[in-house]
Amino acid sequence: MSCKSTSTGCKSGAACGCAGSSADATDDVRRDFLRGAAATAVTTIAAGVTLYAFGAEPALARAPGEKVTSKVRWGLLIDASKCGDGCTACVTACQTENGWRDTGHPETDAQWIRKLTVKNPKNGASFSLPMMCQHCADPPCVDVCPTGASFKRADGIVLVNKHTCIGCRYCMMACPYKARSFIHEPLEDQKPHAPRGKGTVESCTLCVHRIDEGRAPACVEACSDTAGGAMLFGDLNDPSSEIAKRVAAYRTTRIRSDLGTDPGVYYRNI
Amino acid sequence: MTVGHMFMRSIIVLAALFAMAALVTPPAPACAAEPGWLPKPSRGQGEKCVADTDWMRRNHMKALNHQRDDTVHDGIRTPRFSLKGCIECHAVKAADGKPVTAASDKHFCRTCHDYAAVRIDCFECHASRLGEKATTGGNTGSARPERTDISVLAQYLRSVGQ
């Protein structure tokens, strides 16, 4: 692991000079920001969501009362060559985080993210990749929704507003990625941060509750913690972000890009 | 009519009034200031509610609906009118020490809604108790973590910069 801010070889996050002290400094600035005391913070409020420079360390922040803006576009870059065959760390993490699970009814069970194995039948070559809502810039699910429940947030996250969803499932038909599920049965003990209920459609939210807190999605965290580190999360609109650099530097694929949906999930090595 | 007659008549009228009052008013519990048939929602844990009690009685649903649209569409997660904030502050503990769910008529929301015969749809999707603190994500309403996890994201950004 290297320290991005200084480009020096800090090997350990805890021992690295750029980690501990600047994290504390980050918190201080954040508190000042919340109090509205720091002059830099005030200019940042006016500018909306901004890539902060806390010392040499960039971090993303938005005050709890501040609206999301289209300055940010969240996206994922998934490297299929690092995605382990049979590894389901991302799926398990998503289930734990958002409270959906298999109930033994594969035809109707909710499925926010799934692992696919793609195989070439002629030569036997195969690879696996996670598939979930691709958070399109032009989402077909939003086009077809009769009530406006299916919508795209300003920062590019495609969501279902379950307060207005009537459960018609038109969006499930429209989605080319088969990313959405319908809840058929009454649920109990949902996660407080992930409301879900019978009669509504749901899909990957890109862990919007975590992003609003300044954290990465659960699948990305799990993949980097325990699995191959195949998933990279970041702001596609920020040219200095790691994801934007890699998307610019490497040949990437977006699934069914021929449909013109402009997905926010990029794949490598597929 | 003599003074004595008037006195006796007023005594009789007063006695009749007291008797009627005793018939109409149900017997109040010994130590309660309010009649027993009124709902008694659990008091919050803090000193006072996020708004005046009278205002909350009439307008809590408007505040919650407004907040819900702000949160879903704009990502605004201020704690003041957060549903999670209400549920956490007004949690009612069951015998096992855990907060009760909306399945129990002791639940804060249900105490009044049962009385007013107004069905709550919120808990068909929303959790009606917070239970254990969210371990892997999500703030817990008013108990928003002091450290807002910027350090976590900073650490993540550092790690992907390898």
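Residues numbered from 1 in each chain as written. Chains lettered and ligands numbered in written order. Predicted model: local features only at pLDDT ≥ 70, side-chain atom pairs only at ≥ 80, totals over all residues.

Peer 1: What's the story with the overall build of chain A in this structure? I'm lost.
Peer 2: Helix and strand counts for chain A stand at 8 helices and 11 strands. Within chain A, counting contacts between residues at least 6 apart in sequence, those at least 24 apart form 56% of the total. (Helix = DSSP H or I, 4+ residues; strand = E, 2+ residues; numbered from the N terminus. Contact = placed C-beta atoms within 7 Å.)

Peer 1: It is not clear to me how the overall build of chain B should be interpreted in this structure. Could you clarify?
Peer 2: In terms of regular secondary structure, chain B is built from 5 helices and 0 strands. Every one of the 162 residues in chain B was classed for burial, and the buried ones make up 25%. (Buried ≥ 20, exposed ≤ 12 C-beta atoms within 10 Å, placed from the backbone.)

Peer 1: I'm lost on helix α3 (residues 89-98) of chain A in this one. Help?
Peer 2: Every α-helix winds through 3.6 residues per turn, so residues three or four apart in the chain are directed the same way. All names here are of chain A. The buried count for α3 comes to 7 of 10 residues, which makes it a mostly enclosed element. Among the residues of α3, those classed as buried are A89, C90, V91, A93, C94, E97 and N98. The inward-facing, buried residues of α3 contact β4 (113-119), β5 (126-132), α7 (218-226) and β10 (231-235).

Peer 1: Quick question: what am I supposed to make of the sheet that holds strand β11 (residues 265-268) of chain A here?
Peer 2: By definition, the strands of a sheet pair up through backbone hydrogen bonds, in either a parallel or an antiparallel sense. Residue and element names in this part refer to chain A. Strand order in this open sheet of 3 strands is β10-β3-β11, and the pairing throughout is mixed. The sheet terminates laterally at β10 and β11, the two strands that pair on one side only. Along the sheet, successive strands turn relative to each other by an average axial angle of 20°, direction set aside. In terms of strand pairing, strand β3 (residues 74-79) meets β10 through 5 bridges, oriented antiparallel. Within β10, the position partnered with L76 by the bridge is F233. (Pairing = 2+ DSSP bridges. Axes fitted to C-alpha atoms, helices over the stretch in contact; angles between N-to-C directions.)

Peer 1: Looking at this model, I keep getting lost on the nonpolar core. Mind explaining?
Peer 2: One recurring pattern in soluble globular proteins is that nonpolar side chains are buried together. In this structure, I78, C90, C219 and M231 of chain A are the most contacted members of the largest nonpolar core, which totals 53 residues. The set of elements that each furnish at least two residues to this core consists of β3, α3, β5, β7 (158-160), α6 (208-211), α7, β10 and β11 of chain A. Among the nonpolar cores identified, the runner-up in size contains 6 residues, and L83, C86, I87 and A127 of chain B belong to it. (Core = buried A, V, L, I, M, F, W, Y, C linked by C-beta atoms within 7 Å.)

Peer 1: Help me out: how do you make sense of the environment of R246 of chain A in this one?
Peer 2: All names here are of chain A. Structurally, R246 is set in helix α8 (residues 242-249). As for R246 and L236, which are separated by 10 residues in sequence, their C-alpha atoms are 10.0 Å apart. Here R246 is in contact with L77 and L232, once residues within four sequence places are set aside.

Peer 1: Could you clarify how one ought to interpret unusual backbone geometry in this entry?
Peer 2: Most peptide bonds take the trans configuration, and most residues that are not glycine carry a negative phi. All names here are of chain A. Positive phi values are uncommon outside glycine, yet K178 reaches one of about 55°. Judged by the 11 C-beta atoms lying within 10 Å of it, K178 is exposed. Phi at D262 is positive, roughly 55°, even though this residue is not glycine. Tracing the backbone through its elements, the reader meets D262 in the loop between α8 and β11. Looking at D262, the number of C-beta atoms within 10 Å reads 15, which means it is partly exposed.

Peer 1: Where do I start with the confidence of the model for chain A in this structure?
Peer 2: For residues with low pLDDT, the predicted coordinates do not support detailed interpretation. Scored by pLDDT, chain A has a mean of 82; 77% of the residues are at 70 or more. Throughout residues 1-26 of chain A the model reports pLDDT below 50, and contacts reaching past four residues in sequence, or to other chains, amount to 46 contacts. (pLDDT = per-residue confidence, 0-100.)

Peer 1: It is not clear to me how the confidence of the model for chain B should be interpreted in this structure. Could you clarify?
Peer 2: The predicted model of chain B has a mean per-residue pLDDT of 76, with 59% of residues at 70 or higher. As scored by the predictor, the complex reaches a pTM of 0.72 and an ipTM of 0.74.

Peer 1: What is the right way to read α7 of chain A from this model?
Peer 2: Among the residues of α7 of chain A, those classed as buried are A218, C219, V220, E221, A222 and C223 of chain A. Against the buried residues of α7 of chain A lie α3, β4, β5, α6 and β10 of chain A.

Peer 1: So what exactly am I meant to see when it comes to the packing of α3 of chain A against α7 of chain A here?
Peer 2: Each packed pair of helices is defined by two parameters, the angle between the axes and the distance between the axes. Residue and element names in this part refer to chain A. In the contact formed by α3 and α7, the axes pass within 8 Å of each other and the chain directions differ by 135°. It follows from the interaxial angle that α3 and α7 lie oblique. α7 is crossed by α3, and the crossing has right-handed handedness. Each of A89, C90, A93, C94 and E97 in α3 lies in contact with α7, whose residues at this interface are A218, C219, E221, A222, C223 and T226. (Parallel < 35°, antiparallel > 145°, perpendicular 65-115°, else oblique. Left-handed = near helix turned anticlockwise from the far one by under 90°.)

Peer 1: Quick question: what am I supposed to make of the pairing of β11 of chain A here?
Peer 2: One face of the sheet, then the other: side chains in a regular strand alternate in exactly this way. Residues and elements named next belong to chain A. Covered by surrounding structure in β11 are V265 and Y267 together with Y266 and R268, the residues of both alternating faces. In this structure, β3 lies alongside β11, joined through 4 bridges in parallel fashion. Residue pairing for β11: D79 is matched across the bridge by R268.

Peer 1: Can you walk me through the environment of S240 of chain A in this structure?
Peer 2: Residue and element names in this part refer to chain A. Within the element layout of this structure, S240 appears in the loop between β10 and α8. You can call S240 exposed: it has 9 C-beta atoms within 10 Å. For S240 and P195, which are 45 residues apart along the polypeptide, the C-alpha to C-alpha distance reads 34 Å.

Peer 1: Please explain the environment of C87 of chain A as it appears in this structure.
Peer 2: Looking at where C87 of chain A falls in the secondary structure, it is placed in the loop between β3 and α3. Overall, C87 of chain A belongs to the partly exposed group, with 19 C-beta atoms counted inside 10 Å.

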